[in-house]
Amino acid sequence: MGSDRLFERVLVRPPTADLRRCVSGNPLRDTLDVERALEQHRAYVAALEEHGIEVLKLPPLEGFPDAVFVQDTAIIAARSGKALLARFGEPSRRGEEESVGTFLAQLGFQVERVEEPGTLEGGDVLVTDLGLVLVGLSRRTNEAGAKQLAAWLPEGVRLVEVPVLEDLHLLSVLSYLGRGRLAFVPGRVGAEFLRALRADIEFVPVPPGEAYAANMLYLGDDVVLMPAGHPRTREQLVRAGLRPVEVNVSEFWKCDGGITCLCAPFYRL
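Let me begin by describing the structure that accompanies this report. (Residues numbered from 1 in each chain as written. Predicted model: local features only at pLDDT ≥ 70, side-chain atom pairs only at ≥ 80, totals over all residues. Heavy atoms only, no water.)

**Some remarks on the pattern of salt bridges**
Condition: In what follows, salt bridge is the name for a side-chain nitrogen of Lys or Arg lying within 4 Å of a carboxyl oxygen of Asp or Glu. For every residue, the accessible area obtained with a 1.4 Å probe (protein chains only) is divided by the maximum for its type, and the residue is called buried under 20%, exposed over 50%, and partly exposed between those limits.
Scanning the model with the defined rule gives 19 salt bridges in all. For K254, the salt bridge identified is with E251, shortest N-O distance 3.1 Å. No difference in accessibility class separates K254 from E251, as the two residues are buried.

**With respect to the state of the cysteines**
The line we're drawing: By convention in this document, the label disulfide applies to cysteine sulfur atom pairs within 2.5 Å. By the criteria applied, helices consist of DSSP H or I runs no shorter than four residues and strands consist of E runs no shorter than two, each listed in order from the N terminus.
Considering all chains together, one arrives at one disulfide under this definition. Paired by a disulfide, C22 and C255 hold their sulfur atoms 2.2 Å apart. Here the disulfide of C22 and C255 is left-handed, its torsion about the S-S bond being about -85°. Placement of the pair is C22 in the loop between β1 (7-12) and α1 (34-50) and C255 in the loop between α6 (250-253) and β15 (264-267), with a sequence separation of 233 residues. Looking at C255, the relative accessible area reads 2%, which means it is buried.

**Here's the deal with the pairing of strand β7 (residues 132-137)**
What counts is decided by this rule: When DSSP finds two or more bridges between a pair of strands, those strands are recorded as paired.
In terms of residue burial, β7 counts as a mostly covered element, since five of its six residues are buried. Sheet topology places strand β6 (residues 125-127) next to β7; three bridges connect them, and they run antiparallel. Following the sheet pairing, V127 is matched in β7 by V133. Connecting β6 to the next strand, β7, in antiparallel fashion are four residues, including G131 with a positive phi near 70°.

**Focus on the packing of aromatic side chains**
What counts here: Centres within 6.5 Å are what make two rings of Phe, Tyr or Trp a pair, Trp counting through its six-membered ring; a difference in plane orientation under 30 degrees is then read as stacked, over 60 as edge-to-face, and the rest as tilted. Comment: the charge-over-ring label is applied if NZ (Lys) or CZ (Arg) is within 6 Å of the ring centre and within 35 degrees of the ring normal.
Within the structure shown, the criterion is met by four aromatic pairs. Summarising the aromatic geometry, the rings of F7 and Y267 are spaced 6.1 Å apart at their centres and angled 85° between planes, so their arrangement reads as edge-to-face. Remark: Y267 occurs in strand β15 and F7 occurs in strand β1; sequence separation between them is 260 residues. Centroid distance F184 to F203: 5.5 Å. Interplanar angle 80°. Geometry classified as edge-to-face. Of this pair, F184 sits in strand β10 (residues 181-184) while F203 sits in strand β11 (residues 202-205), and the two are 19 residues apart along the sequence. Positioned over the ring face of F266 is R9, at 5.2 Å from the centre of the ring. Above the ring of W152, the side-chain terminus of K82 is found at 5.1 Å from the ring centroid.

**Some points on the sheet that holds β1**
For clarity, the cut-off: Here an angle of 0 to 180 degrees is reported between the N-to-C directions of two axes, which are lines fitted to C-alpha atoms, with helices fitted over the stretch in contact.
Strand order in the open sheet formed by six strands is β2-β1-β15-β3-β4-β5, with mixed pairing between adjacent strands. Two strands in the sheet have a free side with no partner beyond their single neighbour: β2 (54-57) and β5 (110-113). Averaged over all adjacent pairs, the angle separating strand axes in this sheet is 25°, with direction ignored. Pairing of β1 with β2, which is carried by four bridges, proceeds in the parallel orientation.

Structure follows, in structure tokens:
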């Protein structure tokens, strides 16, 4: 196991036929192929397992088109033995988190939840191993939700709020890649703002036209899971000393979802 892993196990949930009704602004949503999405989800899970990640599988959740994007439902702190359930900024998704909370409680986690008027979605939470967690203030996560997250985090972990102006979630434009490296989309999140966080952060810019690739999942040992079809981003990662592993998530892209959205990590928090 890589000593710099942020997590060693994740939670996933396969999509259902309801995925066709996902909340999405993608003009190709109506071309979504559910069978292909199921195949891609299986390949995604296989890639995680091949790199030593333990995958816990929840059953499909009928009636919730976006439930495959299980990352948004909870922030899970494995070392602290506690979890914070989301309160979705997208009202149609509220309820997805309930079965996740039940499952985590059965595993022995102390389960808390974001309370009204707070909203918080996991796609706006960027966990690092630098004693630092970033939270995006976006269409889905508000100031009240961020404050509840700050109060919930383990002692010694600093929370920094990052304005998300154009994108769905913070992780749409920013990913932590271990060893002090951050991938980001220039112009969508300010490098100057981020450099003020720590002087030793190394920035890995995502090339123009490949912004979707900014949503990546660091698996430890310099291995990073990324969406297929972004060759210039792959080259940037290799130059930064990383080993990219590509998976095809085209059907989830049609639902405005990405690599990180498809699992909820049990972070070393």
